[in-house]
Amino acid sequence: MDDTTAHTSPSHRERWREEIAAAVRDPDILWTRLRLPRLLLPAGRRAAEAFPLLAPEPLLRRIRPGDPDDPILRQILPLGAELEAEPGFTADPLQEAAQCAGTGLLHKYAGRSLIVATGACAVHCRYCFRRHFPYAGEAGWRSALEQLPGDAEEVILSGGDPLTLDDEALEEFFARAADHPSVQRLRMHTRMPVAVPSRVTERLLEAIAASRLPVVVVVHANHPAEIDDETERALNALESAARAVLNQSVLLRGVNDDADCLAALSRRLFDAGCLPYYLHLLDPVDGAAHFQIDDTEARRIAAETAARLPGYMVPRLVREHPGASAKTVITPRL
Ligand SMILES: *Cc1c(COP(=O)(O)O)cnc(C)c1O
Ligand code: SF4
């Protein structure tokens with residue numbers, strides 16, 4: 001199948017599994033490889049003890065060595081700033097842990113049931129609102145599906161990253177979810193096509209295309225440099241198999257807090273067959289305060305971005321409130 005692994009690996013692991021297995025997890029290796037300032041390393045090591053470093057090879061290849069301000073690096077780089085407590089920033093800013101306890105099923109959005117399929121991801125994003133999430137309580141997606149409410153219209157497979165599940169499990173998920181009489185659509189929230197594009201296998205594409213229910217894939221990229229040629233091919237292939245491929249981004253200080261950058265991201269996504277969906281304000285999770293942008297600046301950046309783009313390429317600026325059944329749309333304003 002894959003000639004780079006077929007003769008070297010007795011287990012014939014797929015390339016995406018090899019790439020995740022080979023991801024950089026040790027701050028010393030990251031610092032050496034990317035020639036980062038040694039001064040930042042001791043605090044970086046401590047930050048990585050609280051939330052481990054995880055950076056897969058395909059993403060690392062897109063980072064400029066020697067530049068601590070690289071916008072992809074900033075998303076994965078453990079920094080001392082994460083260790084500073086900040087008023088208003090908490091471990092579970094969306095208060096999901098209690099709602100989700102034991103079942104791995106979250107009902108907060110009307111008609112949509114969100115299944116936390118796994119705690120595993122292919123990359124650890126330092127700003128992630130689930131960085132402290134107690135995933136150990138999950139009972140598994142199969143039992144979550146059995147507990148779907150009778151009026152669930154849409155099932156959202158989330159995580160962690162549901163594409164860390166293998167193709168066989170996903171085929172089974174598509175089939176079982178379609179057995180529920182009320183369910184009309186399936187959705188997956190995944191960063192994998194961006195972080196490890198080889199995850200978009202032929203078998204996955206076939207499973208999506210063959211699903212009895214339409215599948216919407218929501219990916220996650222924050223900066224145009226994340227979409228290299230391999231990711232562009234993966235997204236285009238997904239677009240051919242799925243009903244829609246959408247992107248969500250988080251507005252992040254030092255990563256994409258600039259209208260030219262966000263407009264370039266939208267164009268890049270469009271070229272890859274993906275429409276910009278949401279631009280999230282940062283959820284105030286402990287350890288991510290250094291990424292925060294206040295509402296006034298966020299509104300201005302969003303207005304400047306919208307002024308540069310056709311309407312269908314403008315993501316909605318939104319904030320998530322704990323317990324609210326929909327996101328709050330924030331109006332762009334110069
Ligand atoms: C907002 C949100 C949803 C629900 O998505 P809609 O696109 O608003 O229907 C599901 N999962 C996560 C993580 C979200 O932030
Ligand atoms: S859940 Fe998404 S945002 Fe959070 S660490 Fe995983 S890939 Fe990154």
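Residues numbered from 1 in each chain as written. Chains lettered and ligands numbered in written order. Predicted model: local features only at pLDDT ≥ 70, side-chain atom pairs only at ≥ 80, totals over all residues. Heavy atoms only, no water.

So, about the packing of aromatic side chains. Applying the stated criterion across every chain, the model contains five aromatic pairs. Both rings, one in W141 and one in F173, keep their centres 5.8 Å apart while their planes meet at 80 degrees; by these two values the pair is edge-to-face. Separated by 32 residues along the polypeptide, W141 in helix α7 (residues 141-146) and F173 in helix α8 (residues 167-178) bring together distant segments of the chain. One aromatic cluster in this structure is built from W141, F173 and F174. The side chain of R199 reaches across the aromatic face of W16, ending 4.2 Å from its centre. (Phe/Tyr/Trp six-rings, centres within 6.5 Å; stacked < 30°, edge-to-face > 60°. Helix = DSSP H or I, 4+ residues; strand = E, 2+ residues; numbered from the N terminus. Lys NZ or Arg CZ within 6 Å of the ring centre and 35° of its normal.)

Between G159 and G160 the backbone carries a cis peptide bond, its omega angle lying at 15 degrees. Of note in the backbone geometry, R35 takes a positive phi value of approximately 50 degrees without being a glycine. Turning to its location among the elements, R35 is positioned in the loop between α2 (27-33) and α3 (41-50). Owing to a relative accessible area of 59%, R35 belongs among the exposed residues under this scheme. (Buried < 20%, exposed > 50% of the residue type's maximum accessible area, 1.4 Å probe, protein only.)

Now for the packing of helix α10 (residues 202-210) against helix α11 (residues 229-241). Relative to each other, α10 and α11 sit at 25 degrees, their axes nearing to 8 Å. Judged by the angle between their axes, α10 and α11 are roughly parallel. Classified by chirality, the crossing of α11 by α10 is right-handed. Contacts from L205, I208 and A209 of α10 reach α11 at A237, L238 and A241. The residue inventory of the contact of α10 with α11, partitioned by class, reads six nonpolar, no polar and no charged. (Axes fitted to C-alpha atoms, helices over the stretch in contact; angles between N-to-C directions. Parallel < 35°, antiparallel > 145°, perpendicular 65-115°, else oblique. Left-handed = near helix turned anticlockwise from the far one by under 90°. Contact = heavy atoms within 4.5 Å. Nonpolar A, V, L, I, M, F, W, Y, C, P; charged D, E, K, R; others polar.)

Around ligand 2 sit C121, V123, C125, C128, G160, R191 and H220, and those are all the residues in its vicinity. Each residue belonging to the shell around ligand 2 can be placed in one class, and the counts come to four nonpolar, two polar and one charged. (Near = heavy atom within 4 Å.)

Turning our attention to the site of ligand 1. Lining the immediate surroundings of ligand 1 are 13 residues, of which R112, R187, Y277, Y278 and K327 lie closest. When isolated, ligand 1 has an accessible area of 370 Å², and the protein chains bury 92% of it. Counting residues per element, the ones that place at least two in the shell around ligand 1 are β2 (112-116), β4 (185-189) and β7 (275-280). Tallying contributions element by element places β7 first for the shell around ligand 1, with three residues. (Areas by Shrake-Rupley, 256 points an atom, 1.4 Å probe, with all protein chains shown as cover.)

Across its twelve residues, helix α13 (residues 295-306) extends 16 Å between first and last C-alpha, which sits within 8% of the 16 Å expected from 1.5 Å per residue. The inward-facing, buried residues of α13 abut α12 (259-271) and β8 (316-319). Put simply, D294 is the residue that caps the front of α13, since its side-chain oxygen is 3.1 Å from the backbone nitrogen of T296. (Expected span 1.5 Å × (residues − 1). Polar contact = N/O pair within 3.5 Å; in protein donor to acceptor, adjacent residues only side chain to side chain.)

Take the pattern of salt bridges next. Oppositely charged side chains may form a pair once their charged atoms are brought near each other. Overall, the coordinates contain 31 salt bridges when judged by the stated rule. A salt bridge links E19 to R15; its shortest N-O distance comes to 3.3 Å. Here E19 and its partner R15 are both found in helix α1 (residues 15-21), four residues apart, which amounts to about one turn of the helix. By relative accessible area, R15 is classed as partly exposed at 32%. Residue R212 is joined to D179 by a salt bridge in which the shortest nitrogen-to-oxygen separation is 3.1 Å. (Salt bridge = Lys/Arg side-chain N within 4 Å of Asp/Glu carboxyl O.)

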